[in-house]
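Structural description and commentary
So you can see what is in the structure, the chains are spelled out below.
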Amino acid sequence: MVEELINWEDVPNDPIFTLTFPNRHMLLPHHYQKMETLLRNDAPEEEVEGEIQNIRMSMNPHPAGQLEKNVPEHEGQILRGMQHKYDETILFFPAQGQTCHAFCTFCFRWAQFIGMDDLKFSSRDVELLISYLQEHPEVKDVLFTGGDPMTMSAGLLKRYIEPILEADIRSIENIRIGTKSLSYWPYRFVSDKDSEDILALFSNVTEHNKHMALMAHFNHPRELATDVVKKAIQNIRSTGTQIRTQSPLIAHINDEASLWEQMWREQVRLGCIPYYMFMVRNTGAKHYFDVPMAKAWEIFQNAYQNVSGLARTVRGPSMSTDPGKINILGVQEINNEKVFVLEFLQGRESNWVRKPFFAKYSQTASWLTDLKPAFGNDRFFFD
């Protein structure tokens, strides 16, 4: 990051600098002023820490019902290291992978990193995961997430993945790993002391007739420009692993159609599959990184229209909301009413998926909760 990706002549406006280093505007003004006053007045440490916790709790540390609705139970035990929101996918948070090579300033999983154990997802119990999978044949995908599981050594990662392979759970078709490592530390797959072991593990997954997918986070085309990231992508693909790319649309970092067009084209050229453009989640410094839905759709449409069909695998702009993953299909005027056309890509109820619905147009709305139903309806069909 420091030596290759940040343009130091453009600091503090450089997008990779903004992605990596916090600034005062990522706090709401009254929060910043409160903390500034406490620190300037040498307030007692417990008072400072108390205000820090108050601010954090006001930032919606667990959006989309993560704590209340997504945590599964098994044999009377709450599985705090997993999330099971959609039938076919289970998320698992390996305890040793709950950190990152660097911390993205927009990250919606910031609650994993702040030392508040009651807000954190993590587990070391792979046997419990296997038991849960054996009793839930509807699950097809296991997604290892964090943090970043690729901060773990090859040996640790094997302890979580290989038992699933050895258990031979026929219903499990795909192993996924969510990671930012291809941007922040591509050497993980090139020259680290256990790089070859990591690649061998990926090959082992495919040899067990499971699909291995690396869900790679790229937020800016500059992250794809170094020789080492290109070599890392080549090495990963040689194992039979598929790389799917995703990112939020983030103000101050990538809120221009030309950047997305460039990023998708280069990803396809390198053999990756553009997967998602997300809306910034309603947590943390959303006020700073927000892009309104109307502008987000324009950016997506303008970029999408200028890439080939090979890059049009990408979906978005998508909101990961409490009821599910909602895609903004566009803006239309129907019966003299301007509306957003929306659909579920994923839903808490599977029969919601691909069901179009409509919301009143708004230039300022940036999340589902900002929207009102169209055509005089008093609620959306899923409420």
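The following refers to the structure shown. Computed from a predicted model, the values in this text were never measured in an experiment.

A short note on the sheet that holds strand 8 (residues 242-249)
Read from one edge to the other, the open sheet built from 11 strands follows the order 3-4-5-6-7-8-9-10-11-12-13, with strand pairing classed as mixed. Each having just a single partner strand, strand 3 (82-86) and strand 13 (357-360) make up the two edges of the open sheet. Looking at each pair of strands side by side, their axes are set apart by 30° on average, direction ignored.

Some thoughts on a negative patch on the surface
Side chains of Glu45, Glu46, Glu47 and Glu49 sit close together on the surface and give a patch of like negative charge. Relative to the helices and strands, Glu46 resides in helix 3 (residues 45-58).

Considerations on helix 9 (residues 257-269)
Across its 13 residues, helix 9 extends 18 Å between first and last C-alpha, which sits within 8% of the 18 Å expected from 1.5 Å per residue. Every buried residue of helix 9 is accounted for by Ala257, Leu259, Trp260, Glu261, Met263, Trp264, Glu266 and Gln267. On its buried face, helix 9 sits against helix 8 (227-237), strand 8, strand 9 (273-279) and helix 11 (293-304). At the C-terminal side of helix 9, Gly271 shows a positive phi close to 95°.

Quick word on the pattern of salt bridges
Inspection of every chain in the model, using the stated rule, returns 13 salt bridges. For the salt bridge of Glu223 with Lys180, the shortest nitrogen-to-oxygen distance reads 2.5 Å. Here Glu223 is found in the loop between strand 7 (211-217) and helix 8, whereas its partner Lys180 is found in the loop between strand 6 (174-179) and helix 6 (181-184), with 43 residues between them in sequence. Per residue, the accessibility class of Glu223 equals that of Lys180, and both read buried. Residue Asp290 pairs with Lys286 through a salt bridge whose shortest N-O separation is 2.7 Å. Overall, the relative accessible area of 23% leaves Asp290 in the partly exposed class. One salt-bridge network, held together by shared partners, links Arg188, Asp192 and Asp194.

Some remarks on the packing of helix 4 (residues 126-135) against helix 5 (residues 154-167)
Across the interface, helix 4 lies against helix 5 with an axial gap of 10 Å and an inter-helix angle of 35°. Like other packed secondary-structure pairs, helix 4 and helix 5 cross with a definite hand, here right-handed. Across from Val126, Leu129, Ile130 and Gln134 in helix 4, the residues of helix 5 making contact are Arg159, Tyr160, Pro163, Ile164 and Ala167. In terms of residue class, the contact of helix 4 with helix 5 is built from seven nonpolar, one polar and one charged.

A short note on the packing of aromatic side chains
In the structure shown here, the tally under the stated rule is 28 aromatic pairs. Ring centres of Tyr276 and Phe278 lie 4.6 Å apart, and the angle between their planes is 25°; this geometry places the pair in the stacked category. A single burial state applies to Tyr276 and to Phe278, both of which are buried. In this structure an aromatic cluster arises from ring pairing among Phe344, Trp352, Phe357, Phe380, Phe381 and Phe382. The cationic tip of Arg24 hangs over the ring face of Tyr32; the distance from NZ or CZ to the ring centre is 3.9 Å. Just above the ring of Phe108 sits the side chain of Arg281; from NZ or CZ to the centre is 3.8 Å.

Brief notes about unusual backbone geometry
Most peptide bonds are trans, and most residues other than glycine sit at a negative phi. In this structure, the amide linkage connecting Gly146 to the following residue, Gly147, adopts the cis form with an omega of 15°. Examined against the element boundaries, Gly147 turns out to sit in the loop between strand 5 (141-144) and helix 5. Residue Gly316 is joined to Pro317 through a cis peptide bond whose omega torsion reads -10°. Looking at where Pro317 falls in the secondary structure, it is placed in strand 10 (residues 315-320). One non-glycine residue, Glu75, lies in positive phi territory at about 55°. The topology assignment puts Glu75 in the loop between strand 1 (73-74) and strand 2 (77-78).

With respect to the pairing of strand 7
Here strand 7 lies mainly inside the structure; five of its seven residues are buried. Where strand 6 meets strand 7, six bridges bridge the pair, whose relative direction is parallel. Following the sheet pairing, Ile175 is matched in strand 7 by Met212. Judged from the five bridges that link them, strand 7 and strand 8 form a sheet pairing that is parallel.

Analysis parameters
- Residues numbered from 1 in each chain as written.
- Predicted model: local features only at pLDDT ≥ 70, side-chain atom pairs only at ≥ 80, totals over all residues.
- Heavy atoms only, no water.
- Pairing = 2+ DSSP bridges.
- Helix = DSSP H or I, 4+ residues; strand = E, 2+ residues; numbered from the N terminus.
- Axes fitted to C-alpha atoms, helices over the stretch in contact; angles between N-to-C directions.
- Patch = residues over 30% accessible without salt bridge, like charges linked within 9 Å, V, L, I, M, F, W, Y side chains within 5 Å.
- Areas by Shrake-Rupley, 256 points an atom, 1.4 Å probe, with all protein chains shown as cover.
- Salt bridge = Lys/Arg side-chain N within 4 Å of Asp/Glu carboxyl O.
- Lys, Arg positive; Asp, Glu negative; His and termini not counted.
- Charge placed at Lys NZ, Arg CZ, Asp CG, Glu CD.
- Expected span 1.5 Å × (residues − 1).
- Buried < 20%, exposed > 50% of the residue type's maximum accessible area, 1.4 Å probe, protein only.
- Contact = heavy atoms within 4.5 Å.
- Left-handed = near helix turned anticlockwise from the far one by under 90°.
- Nonpolar A, V, L, I, M, F, W, Y, C, P; charged D, E, K, R; others polar.
- Phe/Tyr/Trp six-rings, centres within 6.5 Å; stacked < 30°, edge-to-face > 60°.
- Lys NZ or Arg CZ within 6 Å of the ring centre and 35° of its normal.

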